[in-house]
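Examining the three-dimensional arrangement
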Amino acid sequence: MTYNLIEGLNEILAGSYLGHDMLVEYARKIDDKKTQTCFHDLCEVLKTHQTALEMHIRFLHGKPNETLSWRMIMAKYMEKLMLLAVHEDSELIHKAIEAMEMGVTACNKFLTEQEDLPRLTEDLIQQLRNDYSHMDKQLHTLMN
């Protein structure tokens, strides 16, 4: 087990925290109740991701970062500032789609950059990636 593995898992965990927080913010601005419910459901999926990642990091004898890094905090506040100019549900859905695509990209990056991954870790990250892809598809259906 290398520190790099824990560091990589903590990076994905931080992305999940940020994604969750932003979806909560988007849901507050959504007018359509169906879309709002979908966003709340996606938040619950991200919460399960956080729990799974935290447990897995502990299983690997690491310590999960339970707070956002300065970089993530700055990204969160920049996103909140940009939200001030967003007034359409379609814009919020588009932002959520971008977030899911970032989740897929982060998982793919982790899987390609980490060498000799434990099988459980690889399975977990693949499941997260599949969830992000599924959520992306759900959000695309809201655009129609």
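For the structure itself, look to the data block above.
Residues numbered from 1 in each chain as written. Predicted model: local features only at pLDDT ≥ 70, side-chain atom pairs only at ≥ 80, totals over all residues. Heavy atoms only, no water.

With respect to helix α4 (residues 89-113)
Taking 1.5 Å of rise per residue, the 25 residues of α4 would be expected to cover 36 Å, and the 36 Å separating its terminal C-alpha atoms lies within 8% of that figure. Among the residues of α4, Asp89, Leu92, Ile93, Lys95, Ala96, Ile97, Met100, Gly103, Val104, Cys107, Phe110 and Leu111 are the ones counted as buried. (Helix = DSSP H or I, 4+ residues; strand = E, 2+ residues; numbered from the N terminus. Expected span 1.5 Å × (residues − 1). Buried < 20%, exposed > 50% of the residue type's maximum accessible area, 1.4 Å probe, protein only.)

Quick look at the packing of aromatic side chains
This structure, assessed with the given rule, holds one aromatic pair. On the numbers, 6.4 Å between centres and 65° between planes, the contact of Tyr26 with Phe39 is edge-to-face. Here Tyr26 is found in helix α1 (residues 3-29), whereas its partner Phe39 is found in helix α2 (residues 33-59), with 13 residues between them in sequence. (Phe/Tyr/Trp six-rings, centres within 6.5 Å; stacked < 30°, edge-to-face > 60°.)

Side note on the environment of His61
With respect to the helices and strands, the residue His61 is situated in the loop between α2 and α3 (70-83). Judged by its relative accessible area of 77%, His61 falls in the exposed class. When the C-alpha positions of His61 and Ile6 are compared, they lie 8.8 Å apart, and in sequence the two are 55 residues distant.

Notes on the packing of α2 against helix α5 (residues 119-143)
Relative to each other, α2 and α5 sit at 170°, their axes nearing to 11 Å. One finds that α2 runs roughly antiparallel with respect to α5. When α2 is examined against α5, the residues Lys34, Thr35, Cys38, Phe39, Leu42, Val45, Leu46, His49, Ala52, Leu53, His56 and Phe59 are found in contact with a partner set consisting of Leu120, Thr121, Leu124, Ile125, Leu128, Asp131, Tyr132, Met135, Gln138, Leu139 and Leu142. Here the contact of α2 with α5 is composed, by residue class, of 16 nonpolar, five polar and two charged. (Axes fitted to C-alpha atoms, helices over the stretch in contact; angles between N-to-C directions. Parallel < 35°, antiparallel > 145°, perpendicular 65-115°, else oblique. Contact = heavy atoms within 4.5 Å. Nonpolar A, V, L, I, M, F, W, Y, C, P; charged D, E, K, R; others polar.)

Things to note about the pattern of salt bridges
If the charged atoms of two oppositely charged side chains come close together, the side chains can form a pair. Applying the stated criterion across every chain yields a total of three salt bridges. Salt-bridge contacts for Glu25 lead to Arg28; the nearest nitrogen and oxygen are separated by 2.9 Å. Here Glu25 pairs with Arg28, and both are found in helix α1, just three residues apart, close to one helical turn. In this structure, the salt-bridge partner of Arg119 is Glu122, at a minimum N-O distance of 3.6 Å. Residue Arg119 and its partner Glu122 are both found in helix α5; the two are separated by three residues, about one turn of the helix. Taking relative accessible area as the criterion, Glu122 reaches 24% and is therefore assigned partly exposed. Taken together, the shared-partner salt bridges in this structure form one network comprising Arg119, Glu122 and Asp123. (Salt bridge = Lys/Arg side-chain N within 4 Å of Asp/Glu carboxyl O.)

Here we look at unusual backbone geometry
Even without a glycine there, the phi angle at His61 is positive, about 65°. Positive phi values are uncommon outside glycine, yet Asp116 reaches one of about 50°. By the element assignment, Asp116 lies in the loop between α4 and α5. Judged by its relative accessible area of 77%, Asp116 falls in the exposed class.

Looking at the nonpolar core
Of all hydrophobic cores here, the largest spans 38 residues; its most connected members are Leu23, Phe39, Ile125 and Leu139. When contributions to this core are tallied by element, the ones reaching two or more residues are α1, α2, α4 and α5. For this core, the element with the highest residue contribution is α1, accounting for 11 residues. Contacts of Ile125, omitting those with residues within four sequence positions, involve Leu9, Ile12, Leu53, Cys107, Phe110 and Leu111. (Core = buried A, V, L, I, M, F, W, Y, C linked by side-chain atoms within 4.5 Å.)

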